Amino acid sequence: MDTILQLDQNILLFIQEYIRHDWMDWFWKGITHLGDAGIFWILLTIVLLIPKKTRKAGLASALALIIGTLITNVAIKNMVARIRPYEVIQELELMIEKQKDFSFPSGHTCASFASAFAIYKCKEVFPKKWRIAAMVLATLIACRGTLSDRCSWWIDRRTILRMGRMEN
């Protein structure tokens, strides 16, 4: 476990030093706030539930969001109780305010991929470009936790991506 923690710390410090740039902060803050409380995905799901043509996708997204929230934010997050990187790595510079909940698993990532995978699977409803756009947005929201705001551990992203995909 110490090896994984050290690897995670090194990755986060490398990202802060060589990849993150101040001129991109406005972009990553915007992406971060799209994922806050799953609001973008919840609103998109509500919109998808209205027309009959997209109702199946809306139901799949709603179910994925509900299951993901229960598994991620209610169960696992409190059982694992993984502290946030900035509480351990003093050199990390936060871009957003400190978070009140635990780091793992990421609710932003789970909600994003749960809904995006539900949309992606609805080939008969959405053209490929819209399905890919949903996946790209989910990926950006997932990456922002380590690329910008430093509120999440890098290695956690792979695990939660798998959880989001399992729900679909």
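See the structure printed just above.
(A) Layout of the packing of aromatic side chains. The final tally for this structure, using the stated rule, is two aromatic pairs. Where F40 meets W41, the ring centres are 5.0 Å apart and the plane angle is 85 degrees; that geometry is what we call edge-to-face. Of the residues examined, W41 reaches a relative accessible area of 1% and is grouped as buried. Note on F113 and F117: the rings are 5.8 Å apart at their centroids and 35 degrees apart in plane angle, and the pair reads as tilted. With F113 and F117 both in helix 5 (residues 107-120), this residue pair falls four residues apart, about one helical turn. F117 carries the same exposure label as F113, and that label is buried. Looking at R131, its charged tip hangs above the ring of Y120, at a distance of 4.9 Å from the centre.

(B) Structural view of the nonpolar core. In this structure, W41, F113, A116, I119 and F126 are the most contacted members of the largest nonpolar core, which totals 20 residues. Among the secondary structure elements, those contributing two or more residues to this core are helix 2 (25-35), helix 3 (39-49), helix 4 (55-80), helix 5 and helix 6 (128-147).

(C) Highlighting the packing of helix 3 against helix 5. The N-to-C vectors of helix 3 and helix 5 enclose an angle of 25 degrees; their axes lie 10 Å apart at closest approach. By the angle between their directions, the pair helix 3 and helix 5 is classed as roughly parallel. By crossing handedness, the relation of helix 3 to helix 5 is classed as left-handed. Side by side, helix 3 and helix 5 meet where W41, L44, T45 and L48 of the first sit next to A111, S112, S115, A116 and I119 of the second. Counted by class, the contact of helix 3 with helix 5 contains six nonpolar, three polar and no charged residues.

(D) Structural detail: helix 2. Those residues of helix 2 that sit buried are D25, W28, I31, T32 and G35. For helix 2, the angular spread of the buried residues around the axis is 130 degrees, confining them to a single face. Once helix 2 ends, the next one or two residues include A37, with phi positive near 55 degrees.

(E) Representation of helix 1 (residues 2-19). Counted at 1.5 Å a residue, the expected span for helix 1 with its 18 residues is 26 Å, and the 25 Å between its end C-alpha atoms agrees. Within the sequence span of helix 1, burial applies to D8, Q9, L12, I15 and Q16. Within helix 1, the buried residues cover an arc of 125 degrees as seen down the axis, which keeps them to one side. Relative to its buried face, helix 1 has exposed residues pointing more than 90 degrees away, namely D2, T3, E17 and Y18.

(F) Inspection of the environment of Q9 at higher detail. Its location among the elements puts Q9 in helix 1. Taking the C-alpha atoms as reference, Q9 lies 8.8 Å from V88; in sequence the two are 79 residues apart.

(G) Looking closely at the packing of helix 4 against helix 5. Orientation of helix 4 relative to helix 5, taken along the N-to-C sense of each, is 155 degrees, at an axis distance of 8 Å. Comparing the axis directions of helix 4 and helix 5 gives the class roughly antiparallel. Helix 5 is crossed by helix 4, and the crossing has right-handed handedness. Facing A60, S61, A64, L65, G68, T72, N73 and K77 of helix 4, the residues of helix 5 in contact are G107, C110, A111, A114, S115 and A118. Classifying every residue of the contact of helix 4 with helix 5 by side-chain character gives seven nonpolar, six polar and one charged.

(H) Main features of the environment of P85. Secondary-structure assignment places P85 in the loop between helix 4 and helix 5. Separated by 73 residues in the primary sequence, P85 and L12 have C-alpha atoms spaced 8.5 Å apart.

Criteria and cut-off values
- Residues numbered from 1 in each chain as written.
- Predicted model: local features only at pLDDT ≥ 70, side-chain atom pairs only at ≥ 80, totals over all residues.
- Heavy atoms only, no water.
- Phe/Tyr/Trp six-rings, centres within 6.5 Å; stacked < 30°, edge-to-face > 60°.
- Buried < 20%, exposed > 50% of the residue type's maximum accessible area, 1.4 Å probe, protein only.
- Helix = DSSP H or I, 4+ residues; strand = E, 2+ residues; numbered from the N terminus.
- Lys NZ or Arg CZ within 6 Å of the ring centre and 35° of its normal.
- Core = buried A, V, L, I, M, F, W, Y, C linked by side-chain atoms within 4.5 Å.
- Axes fitted to C-alpha atoms, helices over the stretch in contact; angles between N-to-C directions.
- Parallel < 35°, antiparallel > 145°, perpendicular 65-115°, else oblique.
- Left-handed = near helix turned anticlockwise from the far one by under 90°.
- Contact = heavy atoms within 4.5 Å.
- Nonpolar A, V, L, I, M, F, W, Y, C, P; charged D, E, K, R; others polar.
- Arc of directions from axis to C-beta.
- Expected span 1.5 Å × (residues − 1).

These values are about where atoms sit, not about what they do.
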